[in-house]
Amino acid sequence: LGLEPLPYGEPTESFTYSPFLHIQASSPVLEFELLPKPAGQREHTRFVGPLATQVTTNPDLLPPWWDEIVTHRRVVGITQGTLAMDPTSLIIPAIEALSGDPDLLLVVASPHEEEIKSRVGDLPNVRYAKWIPYHLFLPQLCLLITNGGYGSVTQALSHKVPLICAGQTEDKRDTAARVSWAGAGI
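Model, not experiment: these values are computed from the prediction.

Enquirer: Give me the lowdown on the pairing of strand β6 (residues 141-146), citing residues and values where you can.
Expert: Here β6 lies mainly inside the structure; 5 of its 6 residues are buried. Across 4 bridges, the pairing between strand β3 (residues 75-79) and β6 is parallel. Paired with Gly77 across the strands is Leu144, a residue of β6. Note that β6 and strand β7 (residues 163-165) share 3 bridges and pair parallel. The partner of Ile145 across the bridge, within β7, is Ile164. Where the polypeptide runs from β6 across helix α7 (residues 150-158) and back to β7, its parallel neighbour, the crossover connection is right-handed.

Enquirer: Pulling in residues and values, what's your account of the sheet that holds β3?
Expert: Read from one edge to the other, the open sheet built from 5 strands follows the order β5-β4-β3-β6-β7, with strand pairing classed as parallel. Looking at which strands have only one partner, the edges of the open sheet turn out to be β5 (126-129) and β7. Between one strand axis and the next, the sheet turns through 20° on average, direction left out of account.

Enquirer: Account for the nonpolar core, naming residues and giving values.
Expert: In terms of nonpolar packing, the biggest core is built from 22 residues, with Ile69, Val107, Ile132, Phe137, Leu141, Leu144 and Leu163 touching the most fellow members. Contributions of two or more residues to this core are made by α3 (66-71), β4 (105-109), α6 (134-137), β6, α7, β7 and α8 (172-182). Setting aside residues no more than four positions away along its own chain, Leu163 makes contact with Leu143, Leu144, Thr146, Val153, Ala156, Leu157, Val179, Ala184, Gly185 and Ile186. The next biggest cluster of nonpolar side chains, apart from the first, holds 16 residues, and it includes Ile91, Val120, Val126 and Ile145.

Definitions and cut-offs
Residues numbered from 1 in each chain as written. Predicted model: local features only at pLDDT ≥ 70, side-chain atom pairs only at ≥ 80, totals over all residues. Heavy atoms only, no water. Buried < 20%, exposed > 50% of the residue type's maximum accessible area, 1.4 Å probe, protein only. Helix = DSSP H or I, 4+ residues; strand = E, 2+ residues; numbered from the N terminus. Pairing = 2+ DSSP bridges. Right-handed = clockwise from strand over helix to strand, strands pointing away. Axes fitted to C-alpha atoms, helices over the stretch in contact; angles between N-to-C directions. Core = buried A, V, L, I, M, F, W, Y, C linked by side-chain atoms within 4.5 Å. Contact = heavy atoms within 4.5 Å.

Listed below in structure tokens is the structure:
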């Protein structure tokens, strides 16, 4: 095929990666500040931060209580991702733990609004939205409680939002370990 011979005595990772540019949607801090070991891979890896777009959002698509988020001093976002979406594993326990603090405004982003309300009731400091544009939502938060999806985590960190990561499936434990190690949350 015209390929060069495999390097003798080098670790496997030195020849299993392409010699071309690698764009990592992260930060070296979230990689435990460990750069790739082989020099060639290190030279060709660029950390670019989160993959996020700031699209123009029609104000009519924002929840009717949006101004509350903007003016409130202590807004906590609660979200659970796209795959493991059972609200009893993260969202409902977070609401039950924090809804008694009237100084907090809890904003739950979940398509399961009706189920959650039926379990916790209609609480005065909890707001629900099936969807909220992250580029507008995250800058308003003092904390994001999440299952620890990598996209949500990197976007929250780009807005300097501390995190509580509580996911147990997919790559969530690994992501939570990275957040904790970086000192960006628990």
